[in-house]
Amino acid sequence: MRRLFWVGVGVAVGVTATRKVNEMTQKATPAGVGTSLGEGLRELGAGLGAFGAEVRAGMNERSEELYAMVEDTTEIPVRPDPPTSARHARAPRRGDSRAR
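Predicted, not measured: the structure shown is a model, and the values here were computed from it. (Residues numbered from 1 in each chain as written. Predicted model: local features only at pLDDT ≥ 70, side-chain atom pairs only at ≥ 80, totals over all residues. Heavy atoms only, no water.)

Trainee: Could you give an account of the overall build of the protein, with specific residues and numbers?
Mentor: Scanning the protein from N- to C-terminus turns up 2 helices and 0 strands. The buried share of the protein, reckoned over its 100 residues, is 3%. With an accessible surface of roughly 9,300 Å², the protein has 62% of that area assigned to carbon and sulfur atoms. (Helix = DSSP H or I, 4+ residues; strand = E, 2+ residues; numbered from the N terminus. Buried < 20%, exposed > 50% of the residue type's maximum accessible area, 1.4 Å probe, protein only. Areas by Shrake-Rupley, 256 points an atom, 1.4 Å probe, with all protein chains shown as cover.)

Structure follows, in structure tokens:
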């Protein structure tokens, strides 16, 4: 019974080690390196996009605070008018699901 247990443990360890070695060799091939690099660049792009969105949101929030402070202090409306022509409107980004 003991021998059967140890044979089972040996088979499990062998299968696990074989799978790990196969994963490592696949990652070391040019296709595997390209896949890993592509995934890393995709994650970097998503992170940069999220960072840019946070920066834009912070800029808009701060400009609203500044406009409010100036208007409260001087009692003169200073907020810029929104663009009326389509020429000043921002073009939709590639892959943007919202239609304008």
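Don't stop here, the text continues.
Trainee: Which residues make up the pattern of salt bridges, and what values go with them?
Mentor: One pass over the full model with this rule turns up 3 salt bridges. Of the charged contacts in the structure, one is a salt bridge between Arg-79 and Glu-64, with a shortest N-O distance of 2.3 Å. Remark: Glu-64 occurs in helix H2 (residues 30–74) and Arg-79 occurs in the segment after H2; sequence separation between them is 15 residues. On the basis of relative accessible area, Glu-64 is assigned to the partly exposed category, the value being 41%. Glu-71 is the salt-bridge partner of Arg-79, the closest N and O atoms lying 3.3 Å from each other. (Salt bridge = Lys/Arg side-chain N within 4 Å of Asp/Glu carboxyl O.)

Trainee: Account for the packing of helix H1 (residues 2–28) against H2, naming residues and giving values.
Mentor: Following both chains from N to C, one finds H1 and H2 inclined at 80°, their axes separated by 4 Å at the closest point. Accordingly, the angle class assigned to the pair H1 and H2 is roughly perpendicular. Residues Gln-26, Lys-27 and Ala-28 of H1 pack against Pro-30, Gly-32 and Val-33 of H2. (Axes fitted to C-alpha atoms, helices over the stretch in contact; angles between N-to-C directions. Parallel < 35°, antiparallel > 145°, perpendicular 65-115°, else oblique. Contact = heavy atoms within 4.5 Å.)

Trainee: Describe unusual backbone geometry, and please don't skip the residues or the numbers.
Mentor: The backbone phi angle of Glu-75 is positive, close to 60°, even though this residue is not glycine. On the secondary structure map, Glu-75 appears in the segment after H2. Classification of Glu-75 as exposed rests on a relative accessible area of 71%.

Trainee: Mind laying out the packing of aromatic side chains, listing which residues take part and the relevant values?
Mentor: Think of a pair of aromatic rings as described by two things: how far the centres are apart, and how the planes are tilted against each other in angle. For the structure on display, the rule yields 1 aromatic pair. Their ring planes at 75° and their centres at 5.0 Å tell us that Phe-5 and Trp-6 sit as a pair that is edge-to-face. Across this residue pair, the class does not change: Phe-5 and Trp-6 are exposed. (Phe/Tyr/Trp six-rings, centres within 6.5 Å; stacked < 30°, edge-to-face > 60°.)

Trainee: Please set out H2 residue by residue, giving values where relevant.
Mentor: When the terminal C-alpha atoms of H2 are compared, their 65 Å separation across 45 residues agrees well with the 66 Å that a helix rising 1.5 Å per residue should span. Looking at H2, one finds that the buried residues are Gly-32, Gly-52 and Glu-71. On its buried face, H2 is in contact with H1. In the stretch just after H2, Glu-75 is the one whose phi turns positive, near 60°. (Expected span 1.5 Å × (residues − 1).)

That is the geometry; function is a separate question.
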